[in-house]
Amino acid sequence: MTAETMDRSAPSPALHAPATRAAMSEEQRFMAEVEAVALGSEDLRPALARLDDWLSSLGAGLVGACLSTAALREDSEIGRRIAAANAVIDTCISDWPRQRDALRPAEALARSLDQAVVLLVFGKFNAGKSSLCNLMADRFAAHGLEVNSFHLDADGRLEPCARFTEGAIETTSRIQGIRLGQRLVLLDTPGLHSATGEHAALTRRFVDCADAVLWLTSSSTPGQVQELEELAGELRRAKPLLPVITRSDRYEEDEIDGALVKLMRNKTTADRSGQEADVAERARDKLAALGLDVALLRPPLSVSVHMARAEEESLAAMASAGMDRLYAALRALVSPALAYRRRKPAEVRLRHLDETVLGGLQALLRPALEQLNAALDDATAQLDLRGTQMQEDVWRAIVPLLPDLLDAHAPERDADGVRRSVSQALQSAWGEARDAHFSDYRLGRDGQPAPFEPAPDIGFEEIVIEVEGTRQSVGVDATRLHAALEREIGDWVAVAGDHAREECAACLREVMADVARLDAVLRAHEASLRDIRNDLRAPA
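Keep in mind that this is a model prediction, so the values were computed, not measured.

(A) Expanded view of the confidence of the model for the protein chain. On average, residues of the protein chain carry a pLDDT of 85, and 87% of them reach 70 or more. Taken as a whole, residues 1-14 scores under 50 in pLDDT and shows 33 contacts with residues more than four places along the chain or in a different chain. Considering only residues more than four positions removed or in separate chains, one finds that residues 168-172, a stretch of pLDDT under 50, has 14 contacts.

(B) How the structure looks around the nonpolar core. Among the nonpolar cores identified, the biggest contains 75 residues, and Leu62, Ile78, Leu365, Val422, Leu426, Tyr441 and Ile489 are the most heavily contacted of them. For this core, the secondary-structure elements that each account for two or more residues are α4 (45-64), α5 (77-112), α13 (344-398), α14 (402-409), α15 (415-437) and α16 (479-537). Broken down by element, the residue count for this core peaks at 20 residues, all from α16. Contact partners of Ile78, with chain neighbours within four places excluded, come to Leu72, Leu372, Ala375, Leu376, Ala379, Leu508 and Val511. Formed by 42 residues, the second largest nonpolar core is a distinct cluster that contains Met31, Leu214, Tyr327 and Leu330.

(C) Quick peek at the packing of α14 against α16. Axis separation between α14 and α16 bottoms out at 11 Å; the angle between their running directions is 135 degrees. With respect to α16, the element α14 is oriented oblique. In this structure, α14 meets α16 at a crossing whose hand is right-handed. Residues Leu402, Pro403 and Leu406 of α14 lie in contact with α16, whose contacting residues are Leu481, His482, Leu485, Glu486 and Ile489. Split by residue class, the contact of α14 with α16 holds 6 nonpolar, 1 polar and 1 charged.

(D) Examining the sheet that holds strand β1 (residues 117-122) more closely. Within the open sheet, the 8 strands sit side by side as β3-β2-β4-β5-β1-β6-β7-β10. Their pairing is mixed. Of all strands in the sheet, those bounded by a partner on one side alone are β3 (158-160) and β10 (301-302). Taken together, the 5 bridges between β1 and strand β5 (residues 184-188) define a ladder with parallel strand orientation. What sits directly across from Leu119, in β5, is Leu186.

(E) How the structure looks around the state of the cysteines. Counting across every chain of the model gives 0 disulfides. Cysteine Cys507 remains unbridged, with the sulfur of Cys504 as its closest cysteine sulfur at 5.9 Å.

(F) Structural context of helix α6 (residues 129-142). The terminal C-alpha atoms of α6 lie 20 Å apart, and with 14 residues this matches the ideal 20 Å at 1.5 Å per residue to within 8%. Across the 14 residues that make up α6, a large majority, 11, are buried.

(G) Local environment of the pattern of salt bridges. A complete count under the given rule lists 40 salt bridges for this structure. Salt-bridge contacts for Arg341 lead to Asp114; the nearest nitrogen and oxygen are separated by 3.5 Å. Of this pair, Arg341 sits in helix α12 (residues 323-342) while Asp114 sits in the loop between α5 and β1, and the two are 227 residues apart along the sequence. With relative accessibility at 7%, the residue Arg341 sits in the buried group. The partly exposed category is assigned to Asp114, whose relative accessible area is 38%. Across the pair Glu313 and Arg139 runs a salt bridge, and its minimum N-O distance is 3.0 Å. In this pair, Glu313 sits in the loop between α10 (305-310) and α11 (315-320) while Arg139 sits in helix α6, placing the two residues 174 residues apart along the sequence. Of the residues examined, Glu313 reaches a relative accessible area of 18% and is grouped as buried. A relative accessible area of 11% means that Arg139 is categorised as buried. Each of Glu234, Arg237, Lys239, Arg343, Glu347, Arg351, Asp354, Glu355, Arg533 and Arg537 takes part in a single network of salt bridges with overlapping partners.

(H) Inspection of the packing of aromatic side chains at higher detail. This structure, assessed with the given rule, holds 3 aromatic pairs. Residues Phe30 and Phe140 carry aromatic rings whose centres are separated by 6.3 Å and whose planes lie at 85 degrees to one another, so their mutual orientation is edge-to-face. You can see Phe30 sitting in helix α3 (residues 26-35) and its partner Phe140 sitting in helix α6, a full 110 residues away along the chain. Seen in terms of ring centroids, Phe438 and Tyr441 are 6.1 Å apart; in terms of plane orientation they differ by 70 degrees. Their pairing is edge-to-face. Phe438 sits in the buried class, given a relative accessible area of 2%. Ring pairs connect the aromatic residues Phe30, Phe140 and Tyr327, which therefore count as one cluster.

Thresholds applied
Residues numbered from 1 in each chain as written. Predicted model: local features only at pLDDT ≥ 70, side-chain atom pairs only at ≥ 80, totals over all residues. Heavy atoms only, no water. pLDDT = per-residue confidence, 0-100. Contact = heavy atoms within 4.5 Å. Core = buried A, V, L, I, M, F, W, Y, C linked by side-chain atoms within 4.5 Å. Buried < 20%, exposed > 50% of the residue type's maximum accessible area, 1.4 Å probe, protein only. Helix = DSSP H or I, 4+ residues; strand = E, 2+ residues; numbered from the N terminus. Axes fitted to C-alpha atoms, helices over the stretch in contact; angles between N-to-C directions. Parallel < 35°, antiparallel > 145°, perpendicular 65-115°, else oblique. Left-handed = near helix turned anticlockwise from the far one by under 90°. Nonpolar A, V, L, I, M, F, W, Y, C, P; charged D, E, K, R; others polar. Pairing = 2+ DSSP bridges. Disulfide = S-S within 2.5 Å. Expected span 1.5 Å × (residues − 1). Salt bridge = Lys/Arg side-chain N within 4 Å of Asp/Glu carboxyl O. Phe/Tyr/Trp six-rings, centres within 6.5 Å; stacked < 30°, edge-to-face > 60°.

Next up, the structure:
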């Protein structure tokens, strides 16, 4: 079925016969008004260009804010977290073209239905969706309006099909629709609780083309508000929501010719009013809990398709079954549905950017950044402990060497040689301790700690004794030199440890700054997309 075929309309003699408006039924008023709607459109080119610019800006911002591993080794915990976050960015950006292509069937469907107001008929299986759609189709046909049934293939092409199948099990295996006259399309979707899960995925793919939502809920279990979670995406697009309580009838016993029989009758006005009020209250609470605008909710109403058909769809039967109230509610729904329809192409693009592009980043990149921040916090908390351990390791590696070094250089009284040996040993021990405790960091970018340069004014001291009036040297005393070296080694180790800690802290601060820049890119684009959304939906 082509769009041109579906756009054909046969004028209704009943609708166009001379008659005062007061003489028309609610059904006729609705059909006349929906056939006469003006489907004007807004110039959405500025809004679409804004959305394209937003996506380009987001991509450039993410690439420019990719995290650097220059300060840390790639095989470190933080290095791996950085690589994971960068991989998420690369994967998301590279997937954008494929995601955009996946949107095209829904856009093609919206274009094929461009000359109609599209109502999404939504509800779990056995809610009476097909029955209600078939009844409305019969009523449009009864007034001489052309009716065409169709279903959608996986690419969004419209194919003709027979009348909707009605049953107590889920009979809708794919999205199907009915074009009623020229200006109204009902999309009947697979049930929310499909056994295969394929139905729900198909539904989500094509619901963007709907301008308003009819939420059908059975009178046996009315207002199962958890179903509204499935509709949250549509309601965030500011589409109006009309709750319809179906199967609003019940069996009653009656005596006919002396025999008790069970007859199907409409529920009483009081019963219907009570259920409608209950559904309205719980639906409002659920929308508020989901952070949705409760103003989108229209007053619920009850209908019985069975009872409307029971008396051959007479005016009295239709009114008693609630169909007059349904048509009046549909008339009131047309205006807000048209408001959405006029901005629909931009809304479809906006939803894609919000939920698929930005939503994908939030779902994948936010956790990666949270894990990275946790690793950074842990590393920062460990710096003092690791620095202290490093100082202790160097101290313990060098101080025990002093007696042997002093003994080795004592014969020549070579205090400078002791100092040189200590300096070399310190540099080696510092490198080993650095690699042991700060192996995750690329240290040394600002050079090694300052060379060990103890004060040269203390050296070996001669041990002199007087023998027969003559002073003689009998050895050397290294006590003061040993004490001075110990003190100066301690000072050097403290400075070297502080140097290493500060250099590691600087590495972590660089990564934290990178994360903050990346987070700022996300937040800025979240805010700018909200601005675009608000401007798009602002009253003219």
